[in-house]
Amino acid sequence: MDADVIIVGAGPVGLLLAAEVQLGGGRAVVLERLTEPSRDRKARGIGPLATEALRRRGLGPHLSAADPDGARDFTRDHGTELGHFANIHKLAPDPHRHGTRIWQPDLERLLTTHAESLGARILRGHDVVALESGTDSVTVLTHTSTGEHRLCARYLIGCDGAHSRVRKLTPFAFPGTPPLLRTIAGAVTFSGPAPASGRYPTGTFLHGGSLAGVTELAGSATVASAAPSGTTTPVTPASDGRPSTTPAAGGGLVTSAVSTGGGPPLTPTSAVAPAVPVGDTHPSATLAAGAGLITSATSTGDCPSAAPASAAAPVATVGDGRPSTLAADGGLAISGTSHDDGRPGAPVVLAGSTRFTPATVPSDAAPVTSANSAGEDRPAIPGTRADNRGPVTAAELAAAIHRVTGADVTIDDLREPRDFTDQARQADTYRHGRVLLAGDAAHVHSPSGGQGLNLGLLDAMNLGWKLAAVSRGAAPESLLDTYTRERHPAAAAVLHNTRAQSALLAPGPHVDALRDIVSELMEIPAVNRYFSALLSGVDHRYELPYPGTEPVGLHSPDLDLIDDHGVHSRLHEHLRSGRGLLLLTPETQAFASYATNRVEILPVTNIGPRLLRPDGVIAWAEGDSESLQLALDTWFPAS
């Protein structure tokens, strides 16, 4: 074995997971496709739960040092220090549980140092292209500059982002909802004035500090670019002037026209049929020969199977009416099908009759992608660029600003461009045998509210100590099943609230009216606290496999503790070892005999007794000796 755990992806989630495995006594290797760390400022902060988790590992001083600059940048770019729900900036910070404003590159450097100091190996320039999962181990094949390499471990964890290769190579279903909105943004230098920030009839334009961006309906740019020539069919816009839509196969919506800067609706040409999402919501389309790359179906999850072709071919449909093969003047012909829930379909055949199963799809079969704000790749929206490749351009952002505001702007410089949608998906389970998912590989959603990084780091905290305990033989393999049971509902809650935020961000007078009411409600202190807790997750409670009432199942705040000698300390100071912690009052000191050699024990006098897991979750509180024994046996079995 090369390691106990192989982690694919050296983003914050993969790095923290590696550190947690090492801290718990396991051996972790991280494989990263990029040869150098990304300097892209993808995320700008973490919430209270992730902040408390990193403080428990001794990283608090580093977070405190970064926070002032991060908070200054946030205030500069948003015009306020208040948090927001759907860009309604009225959320006051929790005075007791603080997040941290820290740019993602700074956080990655901190976590890299932390993981390596604990003995984790980080191998860059390793692109995972295949895997084989057996009964006792997992083997991965990587492509590197020096050739192919194989590595073997007991477990493999995909922390490789929204379009996870690990997820595609394993039969995870990835159901969810297609995009409603698309956002393009970046650090911008305008030549001349910019239009006013705010909501417009067809979208939103925001400009603060050096940042500028546009949010509009996801199909707007697609349809606009599809309409320059050919016979047109009149399209009647909706009563509020927004693009009219028609139902698509599978119950989705297809945007059929947009108004550009207040002008007449643009209409699709007769040579182009409306894009119809297939079962996993990736667009299918029929285009005239020579139109370029056409996507018609996908194989594993959202990874298309592909075969090169040199001549245009008619579209052939499979049994459910979706296109199965087509070609585009030397482009890629897409073949093969997938189930509607994202499960892989039949094996696909590439040119030359080379057969690949879903476990060995080569890297060059990945979809054409562009970078998004979460630091992952996503399938490019057809029609948004001439070749569907590369980051968003200054011209594209200027065109989007014109579509939404009607203003013509000149952009002299565009840095750190962003291009993303609010597609929301979640793996059906986070574990298939010896392969598990964490972070964006397990769940994708709108970045509204800045919850993604916080969510992924808590995945790592939940999973890391469990992997280490199982790997070293201190716990049964069934412990890993609690990971999906606990973390899946947490991500589902985030997908739920980001969909609600997307609904409040959509253009139109009806949404404007709803936003006014929500904004007024947020002035009520209890409502303000509700929205803050919703975004931070501090009130989310795990359902543990035995009876318990609050605070059992919650992440503990960083408590002030007073021991039996009157000495004060903070809770985070006692969890740096990565072991569990049992706090016992003078009345419960006899309970210590149940926990000897299982967890650390600390006498306290100012709070009730409680048992904390290594991830800070309260596993037992205020109960009798039998309930404590059950909690200890569940999380820290006697050796």
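Numbers given to residues run from 1 along each chain, matching the order in which its sequence is written. Since the coordinates come from a predicted model, pLDDT governs what is reported: local features require at least 70, and pairs of side-chain atoms require 80 or more to be given and counted, while whole-chain, interface and lining totals use all residues. Excluded from the side-chain calculations are hydrogens and water; all other atoms, namely the structure's heavy atoms, are used.

Overview of the overall build of the protein chain
Stage number 1. On a plain count of helices and strands, the protein chain comes out with 13 helices and 36 strands.
Stage number 2. Each of the 639 residues in the protein chain was classed as buried or not, and the buried ones make up 53%.
Stage number 3. Of the contacts formed within the protein chain by residues at least 6 apart in sequence, a portion of 67% connects residues at least 24 apart.
Stage number 4. The method behind every accessible area is Shrake-Rupley, applied with a 1.4 Å probe, and residues are considered shielded solely by the protein chains displayed. As displayed, the protein chain has an accessible area near 26100 Å², and 55% of this comes from carbon and sulfur atoms. Helix and strand assignments follow DSSP, with helices taken as H or I runs no shorter than four residues and strands as E runs no shorter than two, numbered in order from the N terminus. Type-normalised accessible area, obtained with a 1.4 Å probe on protein chains alone, sets the label of each residue: buried when under 20%, exposed when over 50%, and partly exposed for intermediate values. Residue contacts follow a heavy-atom distance rule, with two residues in contact if any of their heavy atoms lie within 4.5 Å.

Points about the sheet that holds strand 9 (residues 176-177)
Stage number 1. The 3 strands are arranged 9-27-30 in an open sheet whose pairing can be described as antiparallel. Here the strands that pair on one side only, and so sit at the sheet edges, are strand 9 and strand 30 (443-444).
Stage number 2. One ladder, built from 2 bridges, connects strand 9 with strand 27 (residues 424-426); its direction is antiparallel. Counted as the bridge partner of Thr177 is Ala424 from strand 27.
Stage number 3. Angles shown run from 0 to 180 degrees and are taken between the N-to-C directions of axes, each axis being a line fitted to C-alpha atoms and, for helices, limited to the stretch in contact. Each of strand 9, strand 27 and strand 30 touches helix 9 (residues 481-505); the most contacted strand, strand 27, lies at about 170 degrees to it. When DSSP finds two or more bridges between a pair of strands, those strands are recorded as paired.

Quick look at helix 2 (residues 48-55)
Stage number 1. With 7 of its 8 residues buried, helix 2 lies for the most part within the structure.
Stage number 2. Of all the positions in helix 2, only Pro48, Leu49, Ala50, Thr51, Glu52, Ala53 and Leu54 are classed as buried.
Stage number 3. Those residues of helix 2 that are buried are in contact with helix 1 (12-23), helix 3 (60-78), helix 4 (104-117), helix 8 (452-471) and helix 11 (525-536).

Here's the deal with the packing of helix 8 against helix 9
Stage number 1. Viewed as axis vectors pointing N to C, helix 8 and helix 9 meet at an angle of 175 degrees, and their least axial separation amounts to 10 Å. Of the possible angle classes, the one that applies to helix 8 and helix 9 is roughly antiparallel. Between helix 8, through Leu455, Leu458, Asp459, Asn462, Leu463 and Lys466, and helix 9, the contact on the second element is made entirely by Thr482, Tyr483, Glu486, Arg487, Ala490, Ala491 and Val494.
Stage number 2. Here the contact of helix 8 with helix 9 is composed, by residue class, of 7 nonpolar, 2 polar and 4 charged. For classification purposes, angles smaller than 35 degrees are called roughly parallel, those larger than 145 roughly antiparallel, those between 65 and 115 roughly perpendicular, and all remaining angles oblique. Residues are grouped as follows: Ala, Val, Leu, Ile, Met, Phe, Trp, Tyr, Cys and Pro are nonpolar; Asp, Glu, Lys and Arg are charged; every other residue, Gly included, is polar.

Overview of the sheet that holds strand 11 (residues 198-200)
Stage number 1. Spatial strand order, 11-12-13-10-26: 5 strands in an open sheet with antiparallel pairing. What marks the edges here is a single partner per strand, and that holds for strand 11 and strand 26 (411-421). Within this sheet the neighbouring strands show an average axis-to-axis angle of 20 degrees, counted without direction.
Stage number 2. Across the face of the sheet, helix 7 (residues 394-405) comes into contact with strand 10 (181-190), strand 11, strand 12 (203-208), strand 13 (211-217) and strand 26 while running at roughly 60 degrees to strand 13.

Some points on the environment of Asp560
Stage number 1. Structurally, the position occupied by Asp560 is in strand 31 (residues 560-562).
Stage number 2. Spatially, the C-alpha atom of Asp560 lies 9.1 Å from that of Ile607, the residues being 47 residues apart in sequence.
Stage number 3. Discounting residues that sit within four places of it in the chain, Asp560 has contacts with His568, Ser569, Arg570 and Asn606.
Stage number 4. Throughout this description, a polar contact denotes any pair of N or O atoms lying within 3.5 Å of each other; where both atoms belong to protein, one of them has to be capable of donating a hydrogen while the other can accept it, and for residues adjacent in sequence the pair is counted only when both atoms sit in side chains. Engagement of the side chain of Asp560 in a polar contact is seen with the side chain of His568, the distance being 3.4 Å.

Some details on the pattern of salt bridges
Stage number 1. We define a salt bridge as a contact between a side-chain nitrogen of Lys or Arg and a carboxyl oxygen of Asp or Glu at a distance within 4 Å. By the definition in use, this model includes 28 salt bridges.
Stage number 2. Arg57 is the partner of Glu20 in a salt bridge, and the nearest nitrogen-oxygen pair spans 2.8 Å. With a gap of 37 residues between them, Glu20 in helix 1 and Arg57 in the loop between helix 2 and helix 3 connect regions that are remote in the sequence.
Stage number 3. Its relative accessible area of 7% is what places Arg57 among the buried residues.
Stage number 4. It is possible to trace a salt-bridge network through shared partners that takes in Arg44, Asp69, Arg72, Asp73, Arg76 and Asp77.

Here's the deal with a nonpolar patch on the surface
Stage number 1. What goes into a patch is any residue over 30% in relative accessible area without a salt bridge, connected to like charges within 9 Å or, for nonpolar side chains (Val, Leu, Ile, Met, Phe, Trp, Tyr), within 5 Å. A surface patch of nonpolar side chains, about 260 Å² in accessible area, is lined by Ile517, Leu521 and Ile524.
Stage number 2. As for its placement among the helices and strands, Ile524 is situated in the loop between helix 10 (509-521) and helix 11.

So, the pairing of strand 36 (residues 618-621)
Stage number 1. With 3 bridges joining them, strand 35 (residues 610-612) and strand 36 adopt antiparallel strand pairing. Bridged to Arg610 within strand 36 is Ala621.
Stage number 2. Connecting strand 35 to the next strand, strand 36, in antiparallel fashion are 5 residues, including Gly616 with a positive phi near 85 degrees.

Brief notes about the nonpolar core
Stage number 1. Residues Ile7, Leu17, Val140, Leu156, Ile157, Leu467 and Leu611 are the most contacted members of the largest nonpolar core, which totals 94 residues.
Stage number 2. When residues of this core are assigned to their parent elements, the largest contribution, 10 residues, is made by helix 8.
Stage number 3. In this structure Ile157 touches Val5, Ile6, Ile7, Val8, Leu17, Leu436, Ala438, Leu463 and Leu467, once residues within four positions along its chain are discounted.
Stage number 4. We define a nonpolar core as any set of buried Ala, Val, Leu, Ile, Met, Phe, Trp, Tyr and Cys residues linked to one another through side-chain atoms lying within 4.5 Å. Judged by nonpolar contacts, the second largest core, of 15 residues, contains Ile184, Phe205, Ala212 and Val214.

Structural notes on the packing of aromatic side chains
For any two aromatic rings, the description comes down to two numbers: the centre-to-centre distance and the angle of the planes.
Stage number 1. Classification of ring pairs uses Phe, Tyr and Trp, with its six-membered ring standing for Trp, and accepts pairs whose centres are within 6.5 Å; under 30 degrees between planes counts as stacked, over 60 as edge-to-face, and the remaining range as tilted. In total, this model carries 7 aromatic pairs according to the counting rule given.
Stage number 2. Every member of this aromatic cluster is reached through a ring pair, and the members are Phe85, Tyr530 and Phe531.
Stage number 3. Two thresholds decide whether a charge sits over a ring: the Lys NZ or Arg CZ must be within 6 Å of the ring centre and within 35 degrees of the ring normal. Positioned over the ring face of Trp103 is Arg41, at 4.1 Å from the centre of the ring.

What about the side chain of Ser448?
Stage number 1. Looking at the secondary structure, you find Ser448 in the loop between strand 30 and helix 8.
Stage number 2. With near-sequence residues (within four places) excluded, Ser448 lies in contact with Thr498, Gln501 and Leu505.

Regarding the packing of helix 2 against helix 3
To describe two helices that pack against each other, one gives the angle between their axes and the distance between the axes.
Stage number 1. Between helix 2 and helix 3, the shortest axis-to-axis distance is 8 Å and the interhelical angle comes to 135 degrees. If you check the angle between helix 2 and helix 3, you find them oblique. Contact with helix 2, carried on its side by Thr51, Leu54 and Arg55, involves Gly60, Pro61, Leu63 and Ser64 of helix 3 and no other residues of that element.

Focus: helix 9
Stage number 1. For a helix, the expected span equals 1.5 Å multiplied by the number of residues minus one. In this model helix 9 runs 37 Å from its N-terminal to its C-terminal C-alpha over 25 residues, within 8% of the 36 Å that 1.5 Å per residue would give.
Stage number 2. Maximum bend of helix 9: about 25 degrees, positioned at Arg487, with proline Pro489 one to four residues after it. To get the bend at a given residue, fit one axis to the seven residues ending there, fit another to the seven starting there, and take the angle between those axes.

Considering the environment of Val552
Stage number 1. Structurally, Val552 can be placed in the loop between helix 11 and strand 31.
Stage number 2. Under the relative-accessibility criterion, Val552 is labelled buried at 7%.
Stage number 3. Distance from Val552 to Ile618, taken between C-alpha atoms, is 5.0 Å for residues 66 residues apart in sequence.
Stage number 4. Contact partners of Val552, with chain neighbours within four places excluded, come to Arg541, Leu544, Ile618, Ala619, Trp620 and Ala621.

A closer look at the pairing of strand 4 (residues 88-91)
Looking down a regular strand, the side chains alternate between one sheet face and the other.
Stage number 1. Bridge count for strand 3 (residues 83-85) against strand 4 is 3 bridges, and the pairing is antiparallel. If you follow Gly83 over to strand 4, its bridge partner there is Leu91.
Stage number 2. Counting the residues between successive antiparallel strands, the hairpin from strand 3 to strand 4 contains 2 residues, one of them, Ala86, with a positive phi of roughly 55 degrees.

Quick notes on unusual backbone geometry
Stage number 1. In this chain, Glu550 is followed by Pro551 through a cis amide linkage whose omega measures 15 degrees.
Stage number 2. Mapped onto the fold, Pro551 is located in the loop between helix 11 and strand 31.
Stage number 3. Positive phi, normally seen in glycine, also occurs at Asn87, with a value near 65 degrees.
Stage number 4. Tracing the sequence through the fold places Asn87 in the loop between strand 3 and strand 4.
Stage number 5. Residue Asn87 is classed as partly exposed on the basis of its relative accessible area, which comes to 27%.

That's the geometry; what it means functionally is another story.
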